[in-house]
Amino acid sequence: MVIKNVCLETVCGITSVLPENTLPEIAFAGKSNVGKSSLINALMNRKALARTSATPGKTQTINFYNINEQLYLVDLPGYGYAKVSAKEKEKWGKLIERYLHGSKQLKAIFLLIDIRHDPSANDQMMYRWIVEQGFQPIIIATKLDKLKRSQIDKHLKAVRQGLGVLPGTKIVGFSSVTKQGREEIWNLAEEKCLLHEEVESDERG
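Below: a short report on this structure. (Residues numbered from 1 in each chain as written. Predicted model: local features only at pLDDT ≥ 70, side-chain atom pairs only at ≥ 80, totals over all residues. Heavy atoms only, no water.)

Considering the overall build of the protein
Of the regular secondary structure elements, the protein holds five helices and seven strands. Each helix (α) and strand (β) of the protein, taken in turn from the N terminus, gives the series β-β-α-β-β-α-β-α-β-α-β-α. Here the protein holds 205 residues, and the buried ones make up 47% of them. About 10,900 Å² of surface is accessible on the protein, with carbon and sulfur atoms providing 48% of the total. (Helix = DSSP H or I, 4+ residues; strand = E, 2+ residues; numbered from the N terminus. Buried < 20%, exposed > 50% of the residue type's maximum accessible area, 1.4 Å probe, protein only. Areas by Shrake-Rupley, 256 points an atom, 1.4 Å probe, with all protein chains shown as cover.)

This is the structure:
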């Protein structure tokens, strides 16, 4: 994907009406501090369009980034941040659920997991919940540069086993520092959008 134009087009909070977009949407979910904003910035070739912060739980809205007038990258609120009240977490959960059920253009969900650690209970719960909504998430194992090369396969296996992923699930290692995995993520995103267009075209034919 050659990035020509990028803009943060829509920001939706808990009480917002979700947009009825006509372009394909690719969503990104992950716990707070997993590197979601850094990933999105790397995908867009921008340094700070998605706001990164040393304080976890910064993303409290659903942010829609328009890429080349071709598709949207959708940044979902981070989960699992301890300092957020249970009531606030419940509101964020309902916002995400409303989006997953309401979007007619959502083609794929990428779930981010920190490769250095076994998936947490929150990660496992989020994975199962996304599957229950009818999606098969693609897993992105972030912070790849923090491991030695000899450790990577072992940690990828731990992510796969820890989540109990469905057979055939894609797991992509990613580093926002080296950009390793960026092209593979874009290829998967584009493939999901193109496959859908082909299905629509077949149905019309």
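Notes on the sheet that holds strand 4 (residues 71–75)
Within a sheet, adjacent strands bond to each other through the backbone by hydrogen bonds, running parallel or antiparallel. Read across the open sheet, the seven strands follow the order 1-3-4-2-5-6-7; overall the sheet is mixed. Both outer strands of the open sheet, strand 1 (6–12) and strand 7 (171–173), are each paired with one neighbouring strand and no more. Each strand axis lies, on average, 25 degrees off the axis of its neighbour in the sheet, ignoring direction. Of the pairings in the sheet, the one linking strand 2 (residues 25–30) to strand 5 (residues 106–114) comprises six bridges and is parallel in character. Within strand 5, the position partnered with A27 by the bridge is I109. Its contacts with the sheet put helix 3 (residues 121–132) on strand 2, strand 5 and strand 6 (138–142), and the angle it makes with strand 5 is roughly 165 degrees. (Pairing = 2+ DSSP bridges. Axes fitted to C-alpha atoms, helices over the stretch in contact; angles between N-to-C directions. Contact = heavy atoms within 4.5 Å.)

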